[in-house]
Amino acid sequence: MSTQLTELFDNNRRWAEETETREPGFFTRLLSQQTPQYLWIGCADSRVPANELVDLLPGELFVHRNVANVVVHSDLNALSVIQYAVDSLKVQHIIVVGHSNCGGVKAAMNSWRVGLADNWLRHVQDVRHQHRAWLNQVDSAVQVDALVELNVLEQARNVCTTTVVQDAWGRGQTVVVHGWVYGLHNGLLQDLSMTVAGAADVEVAYEAALAGIHARYTVMA
Ligand SMILES: [Zn+2]
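Counting starts from 1 at the beginning of each chain's written sequence and moves along it residue by residue. Predicted model: local features are reported for residues with pLDDT of at least 70 only, side-chain atom pairs are reported and counted for 80 or more only, and whole-chain, interface and lining totals are derived from all residues. Side-chain calculation: all heavy atoms of the structure are included, whereas hydrogens and water are not.

(A) Spatial organisation of the overall build of the protein. Secondary structure elements follow DSSP: runs of H or I of four or more residues count as helices, runs of E of two or more count as strands, with numbering from the N terminus. Scanning the protein for helices and strands turns up 10 helices and five strands. Since a compact globule built from 221 residues should have a radius of gyration of about 17 Å, the 19 Å found for the protein is in line with a globular shape. Each residue is assigned to one of three classes by its accessible area relative to the maximum for its type, calculated with a 1.4 Å probe on protein chains only: buried under 20%, partly exposed between the two thresholds, exposed over 50%. Expressed as a percentage of its 221 residues, the buried residues of the protein come to 43%. Carbon together with sulfur atoms contributes 54% to the accessible area of the protein, which is approximately 11800 Å² in total. The positive count covers Lys and Arg only, the negative count covers Asp and Glu only, and His and the chain ends enter neither. Note on charges: their place is set at NZ of Lys, CZ of Arg, CG of Asp or CD of Glu. The protein carries 15 positive and 23 negative side-chain charges, and their two centres are separated by 4 Å. Every radius of gyration here is taken over C-alpha atoms, with the globule rule written as 2.2 Å times N^0.38, N being the number of residues. Computed with the Shrake-Rupley method and a 1.4 Å probe, the accessible areas treat only the protein chains shown as cover for residues.

Take a look at the structure:
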């Protein structure tokens, strides 16, 4: 690896040339506008590259990523992304995507101290705490993945309760919130059926998706 990271610039030039060859005018068309249909809220993990795993091009996916795909009501960063995506870009879908074997969720599950991030991961520990009675009965080998799914559900619900999404629904704008998980082991997305298209659907979808998670994981006798 060079100190100037010239290999990344080489990669970039090759990628830009190949993209332009495949689709002449690709970049100049994107100059004037972006019209993504989707907002992706995912984990910062390098193994979960948003655009690549759904095979979407630049301009097609608006992306926000942080450790363990957390949506906190007071996080101006995430809220600003959601607000711009909904009010200005008019995305129709907001997708919260967790992933199996998530390091942040694993730390939260095991109460590991990792540093400053402990404070951020406290939000995932809150999810663990909220569901502790059920989680304690889940086979320890799959507890992390169970918490990954519960975390997606809770964060998707947090998206639903933001003023931005509530106001959008209130004025009749189409915004559908989804909760998915990505399998690091097979590269496949799974829909947790936390699909919410209006304020009245939030708790119904949440309860149905939660029942689905409970059914999928083996609870020890
Ligand atoms: Zn992760």
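(B) Just the layout of surface pockets, in detail. In this structure, the largest pocket encloses a volume near 240 Å³. Trp-15, Glu-18, Thr-19, Arg-22, Asn-51, Glu-52, Asp-55, Leu-56, Leu-57 and Pro-58 together form the lining of the largest pocket. Secondary-structure elements contributing two or more residues to the lining of the largest pocket are helix H1 (6-22) and helix H3 (50-53). In terms of residue count, H1 provides more of the lining of the largest pocket than any other element does, four residues in total. Buriedness for pockets is judged along seven lines, at least five of which must meet protein on both sides within 12 Å for an open set on the 1 Å grid over protein atoms alone, while cavities are sets there where a 1.4 Å probe fits but cannot get out, and lining residues have an atom within 4 Å of a point. Grid points are joined across faces, edges and corners, and a volume is the space filled by probe spheres set on the points.

(C) Region of interest: the nonpolar core. Leu-39, Ile-82, Ile-94, Val-159 and Val-177 are the most contacted members of the largest nonpolar core, which totals 54 residues. The biggest single contributor to this core is helix H8 (residues 143-160), with 10 residues. Contacts are residue-level and defined by heavy atoms, with any inter-residue pair within 4.5 Å sufficient. Each residue touching Leu-39, except ones within four places of it in the same chain, is listed here: Phe-62, Val-63, His-64, Val-81, Ile-82, Ala-85, Val-91, His-93, Ile-94 and Ile-95. Grouped together as the second largest cluster of nonpolar side chains are eight residues, Trp-40, Val-48, Leu-61 and Val-97 included. The nonpolar core is taken to be a set of buried Ala, Val, Leu, Ile, Met, Phe, Trp, Tyr and Cys residues, with the residues joined through side-chain atoms within 4.5 Å.

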